[in-house]
Amino acid sequence: MTLRDHTDARGTTTMDADVVVVGSGPGGAALSRVLAEAGQRVVVLEEGPARPNFRPNQAHVSRYHMQEGGTMLARGSKILPVAAGRGVGGGSLVNSAICFRTPDAILDQWTDVLGGDTRYGPQRLGPIFEEIEALIGVGPTRDSIAGENNRLIARGVAKLGLVGGLVDRNAPSCVGCGLCNFGCPVGGKGSVDRNLLPMAMASGAIVQGDVKVHRILVENDRAVGVVGTVQDTDTREPVGELTVRAERVVVCAGGIGTPRLLHHSGLAERLGPATGAGLHIHPGNAVVARCDHIVKMWSGATQGAWFEDPALPGVLPHTMSLPPGALLLLLGQAGLAAKQMMHQLKHYAGCLVMVSDKGEGTVSASANGRAKIHYAFDPGDLERIKKGMVLTAEVLLAGGAKELTAPVHQIGRHTTATSLGKALEDRTIHDFIMYASHPMASCRMGTDPQTSVIGPDAQAHHLPGLYLADSSIFPTSLGVNPQLTTMALATAIARDMAQA
Ligand SMILES: Cc1cc2nc3c(=O)[nH]c(=O)nc-3n(C[C@H](O)[C@H](O)[C@H](O)COP(=O)(O)OP(=O)(O)OC[C@H]3O[C@@H](n4cnc5c(N)ncnc54)[C@H](O)[C@@H]3O)c2cc1C
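It should be emphasised that the depicted structure is a prediction, and the values quoted were computed from it without experimental measurement.

*Asks:* Explanation requested: the overall build of the protein chain in the structure shown.
*Replies:* Summing up its helical and strand segments, the protein chain has 13 helices and 21 strands in all. A compact globule built from 500 residues should have a C-alpha radius of gyration of about 23 Å, and the protein chain, at 22 Å, falls within 12% of that. The principal-axis extent of the C-alpha atoms belonging to the protein chain is close to 65 × 45 × 40 Å. By the burial criterion, 61% of the 500 residues in the protein chain qualify as buried.

What follows is the structure in structure tokens.
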């Protein structure tokens, strides 16, 4: 198996391949597995570390395993943090392992966007989902490791007769330590560095960490390779420059990283106005609930329960867990009040309320290669988040919680969902602390070069040889957590590429 880090790529070097893949997250990993197994010479370049460097510490995970050090912000309606993972394995290293298949209704919508092309329709993707789920170890969250935070939500869901409960996750050996977002300390998560990427390497793929691609080479109107800076894993000092020349270049740098690279490479004008346009992020808020009994939201499967209500389409609440320090901050206490609150922290449960957004944003790059993100909230999304929060409050109370609050300015504390809903009524977007970790749809697939960057074969409309295969290509907002969809799409794209 060939997994390389910066020590293997010092100085100025050049490699040749059939396919060079930029980014090793769910998209890049899934695509590389299929192409390598089809006999193609695949080189994967990844900006982050070759090997996991996990500590249960926010500064540490931000430094090694979050893109742009965990400081990416969308400006626009408000300042909104946007998170994306980094390292060999991409977002799957730090995500919560929730796995949902793409809803059929969304796949049907995508078929329409592609002018009736069914290659990403439910019939073709169904077996691919099964295949990927088996490879990455998807299964229901076991009650034994779920923890009370998830169990409370599952109890409330059952009591109210909603669809939901303990969620499917790719964490076959999960011990319920609640540390997914810092990187799994026991190897219990089926992140793609533990399955799809080793499979690609077993078929000859080279996976090179510590290389930040900054240029896509274009010759004779065709993408022919990439150039990246080799950087020391710890200091980020440049220690080399690596050029990979290849028949096909596939950018899988994620919902922010892909448009950032295309803009930074000076290709945005050529690729058309959809490059970095139409960004969706699944923004969300949360409800936090105090219980009489002990919950310890930081222990148990990180995000192990979910629910939905057909009356609230596109609203997907799922568990929120936070370490005690972050929970204290969220509860907004300081000084003596914070001290008194400390021993109460173990009594809190939490649930995020995420929406499939109608709001949209843009991604470009600043001169130093960092992402410039703008996002405009749709007022209807805020209304759906508020309604979702009220429903979530009902679920938490039904599950055994006693008192509700939320990360919303001066929202107060409430013992009924109705009272929380009343308090939310006149709150504006500026009152909410929103969060997003599902950037997508920023370089869409479609048939119209004015509204999409790539065609149904994933090749750029205006640059032969350049392909995209990650969450940036979704033709619309998704509505469910994106990793499985990203892997399935990339698998289907790779199968077609292998035959072309
Ligand atoms: C904290 C958190 C929790 C999440 N929880 C879930 C969950 O439970 N379930 C779920 O389905 N989804 C979850 N997600 C989202 C999910 O992880 C992403 O949707 C998914 O990883 C997207 O895959 P991708 O391949 O498109 O991009 P990414 O996973 O972002 O991978 C892109 C890779 O490209 C690399 N890269 C970027 N630019 C360059 C460059 N110029 N040169 C070289 N390499 C580059 C990055 O370092 C990164 O490793 C979560 C995300 C986060 C951050």
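*Asks:* It is not clear to me how the packing of aromatic side chains should be interpreted in this structure. Could you clarify?
*Replies:* Any aromatic ring pair is given by two values, namely how distant the centres are and how the planes are angled relative to each other. Evaluation of the coordinates by the stated rule reveals three aromatic pairs. Note on Phe100 and Trp306: the rings are 5.1 Å apart at their centroids and 80 degrees apart in plane angle, and the pair reads as edge-to-face. With Phe100 in the loop between strand S5 (80–81) and helix H3 (104–113) and Trp306 in strand S14 (residues 305–308), the pair connects residues that are 206 residues apart, well separated along the chain. In terms of burial, Phe100 and Trp306 fall into one category: buried.

*Asks:* Please explain the confidence of the model for the protein chain as it appears in this structure.
*Replies:* For residues with low pLDDT, the predicted coordinates do not support detailed interpretation. Per-residue confidence for the protein chain gives a mean pLDDT of 97, with 100% of residues at or over 70. Of all secondary-structure elements in the protein chain, the lowest mean pLDDT belongs to helix H10 (residues 335–342), at 92, while helix H1 (residues 26–37) reaches the highest, 99.

*Asks:* Help me out: how do you make sense of unusual backbone geometry in this one?
*Replies:* If a residue is not glycine, its phi is most likely negative; likewise, a peptide bond is most likely trans. Even without a glycine there, the phi angle at Lys296 is positive, about 55 degrees. By secondary structure assignment, the location of Lys296 is in the loop between strand S13 (284–291) and S14. A relative accessible area of 36% means that Lys296 is categorised as partly exposed.

*Asks:* Looking at this structure, how should I read the site of the ligand?
*Replies:* The environment of the ligand is made up of 38 residues, and the closest members are Glu46, Gly91, Ile98, Ser471 and Gln483. Backbone polar atom of Ala97 to an oxygen atom of the ligand: 3.2 Å apart, as the coordinates give it. Between the ligand and Ser471, the relevant distance is 2.7 Å, taken from an oxygen atom to a side-chain nitrogen or oxygen of the residue. Here the ligand, which alone exposes 1000 Å², has 96% of that area covered by the protein.

*Asks:* So what exactly am I meant to see when it comes to the pairing of strand S12 (residues 238–251) here?
*Replies:* When a strand is regular, its side chains alternate between the sheet's two faces. Two elements, strand S2 (residues 11–22) and S12, share 11 bridges in a ladder whose sense is parallel. The partner of Ala17 across the bridge, within S12, is Ala246. One ladder, built from seven bridges, connects strand S11 (residues 222–231) with S12; its direction is antiparallel. When the sheet's bridge partners are listed, Gly228 is paired in S12 with Leu242.

*Asks:* Any chance you could explain the side chain of Asp5 here in plain terms?
*Replies:* Looking at the secondary structure, you find Asp5 in the loop between strand S1 (2–4) and S2. The exposure class of Asp5 is buried, given its relative accessible area of 16%. Within the local environment of Asp5, its side chain forms a polar contact with the side chain of Arg51, the two groups lying 3.3 Å apart. When residues no more than four places from it in sequence are discounted, the contact partners of Asp5 are Ala50, Arg51, Gln208, Gly209 and Asp210.

*Asks:* I'm lost on the nonpolar core in this one. Help?
*Replies:* Counting 87 residues, the largest nonpolar core has Leu31 and Leu466 as its most contacted members. Here the element with the most residues in this core is helix H13 (residues 483–499); it accounts for nine residues. Beyond its immediate chain neighbours, meaning those up to four positions away, Leu466 contacts Ile216, Ala223, Val249, Val251, Leu262, Leu271, Ala458, Gln459 and Ala460. Counting 50 residues, the second-largest nonpolar core is a separate cluster that includes Ile281, Val355, Phe377 and Ile429.

*Asks:* Quick question: what am I supposed to make of the side chain of Thr141 here?
*Replies:* Looking at the element boundaries, Thr141 is found in the loop between strand S6 (139–140) and helix H5 (143–160). Here the side chain of Thr141 touches Val167 through a polar contact of 2.6 Å, landing on its backbone oxygen. With residues near it in sequence (within four places) discarded, Thr141 still touches Ala146, Leu166, Val167, Arg169, Ala301 and Gly304.

*Asks:* Quick question: what am I supposed to make of the pattern of salt bridges here?
*Replies:* Side chains bearing opposite charge may pair, as long as their charged atoms lie close to each other. Inspection of the entire model under this criterion finds 24 salt bridges. Among the ionic pairs, Glu383 bridges to Lys386, the shortest N-O distance being 3.6 Å. Of this pair, Glu383 and Lys386 both sit in helix H11 (residues 379–399), three residues apart, which is roughly one turn of the helix. Relative accessible area serves as the criterion here: at 39%, Glu383 is assigned to the partly exposed category. Residue class for Lys386 comes out buried when judged on its relative accessible area of 6%. One continuous salt-bridge network, built from bridges that share partners, spans Arg33, Glu37, Glu131 and Arg495.

*Asks:* Hey, could you run me through the packing of H5 against H11 in this one?
*Replies:* Pairs of packed helices are described in terms of their axes, by the angle between the two and the distance that separates them. Where H5 meets H11, the axes come as close as 7 Å, and the angle between the chain directions of the two elements is 100 degrees. Viewed along their axes, H5 and H11 adopt a mutual orientation that is roughly perpendicular. Contacts between H5 and H11 pair Leu152, Ile153, Arg155, Gly156, Val157, Lys159 and Leu160 from the former with Glu394, Val395, Leu396, Ala398 and Gly399 from the latter. Across the contact of H5 with H11, the residue classes tally to seven nonpolar, two polar and three charged.

*Asks:* Which parts of the structure should I look at to understand the environment of Val192?
*Replies:* Among the secondary structure elements, Val192 is positioned in the loop between strand S8 (168–169) and helix H6 (196–202). Val192 gets classed as buried once you look at its relative accessible area, which sits at 0%. Sequence-wise, Val192 and Ala29 are 163 residues apart; in three dimensions their C-alpha atoms are separated by 6.5 Å.

*Asks:* Whenever I open this one, the pairing of strand S16 (residues 348–355) confuses me. Can you help?
*Replies:* Counting buried residues in S16 gives eight out of eight residues, a clear majority hidden from the surface. Residues of S16 alternate between two faces, with Tyr348, Gly350, Leu352 and Met354 on one and Ala349, Cys351, Val353 and Val355 on the opposite face, all of them buried. Where strand S15 (residues 315–319) lies against S16, five bridges are found, and the strand directions are antiparallel. Within S16, the residue paired with Val315 across the bridge is Val355.

Cut-offs and rules
- All residue numbers refer to position in the chain's written sequence, counted from 1.
- Per-residue local features are limited, in this predicted model, to residues with pLDDT of at least 70; the limit for side-chain atom pairs, both in listing and counting, is 80 or more; totals at the level of whole chains, interfaces and linings are taken over all residues.
- Heavy atoms throughout the structure, all of them, feed into the side-chain values; hydrogens and water do not.
- The helix count covers DSSP runs of H or I at least four residues long, the strand count covers runs of E at least two residues long, and both are numbered beginning at the N terminus.
- The reference for a compact globule is 2.2 Å times residues^0.38; the radius of gyration itself is calculated from the C-alpha atoms.
- Exposed residues in this analysis have more than 50% of their type's maximum accessible area, buried residues have under 20%, and partly exposed residues fall in between, with area computed by a 1.4 Å probe over protein chains only.
- Two aromatic rings, drawn from Phe, Tyr or Trp (for Trp, its six-membered ring), form a pair once their centres lie within 6.5 Å of each other, and the interplanar angle then sorts them: stacked below 30 degrees, edge-to-face above 60, tilted otherwise.
- On a range of 0 to 100, pLDDT expresses the predictor's confidence in each residue.
- Consider each residue's heavy atoms; a residue with any of them within 4 Å of a molecule or strand counts as near.
- Pairs of N or O atoms are called polar contacts if they sit within 3.5 Å, as long as, within protein, a hydrogen donor faces a hydrogen acceptor (for residues adjacent in sequence, only side-chain-to-side-chain pairs).
- Calculation of accessible area relied on Shrake-Rupley with a 1.4 Å probe; when residues are assessed, cover is drawn exclusively from the protein chains displayed.
- When DSSP finds two or more bridges between two strands, those strands count as paired.
- Two residues form a contact once any of their heavy atoms are found within 4.5 Å.
- We define a nonpolar core as any set of buried Ala, Val, Leu, Ile, Met, Phe, Trp, Tyr and Cys residues linked to one another through side-chain atoms lying within 4.5 Å.
- One speaks of a salt bridge when a side-chain nitrogen belonging to Lys or Arg is within 4 Å of a carboxyl oxygen belonging to Asp or Glu.
- Each axis is a line fitted through C-alpha atoms, taken for helices only over the stretch in contact, and angles between the N-to-C directions span 0 to 180 degrees.
- Angles are sorted into four bins: roughly parallel if under 35 degrees, roughly antiparallel if over 145, roughly perpendicular if 65 to 115, and oblique for all others.
- All amino acids are sorted into three groups, where Ala, Val, Leu, Ile, Met, Phe, Trp, Tyr, Cys and Pro are nonpolar, Asp, Glu, Lys and Arg are charged, and the leftover types, Gly among them, are polar.

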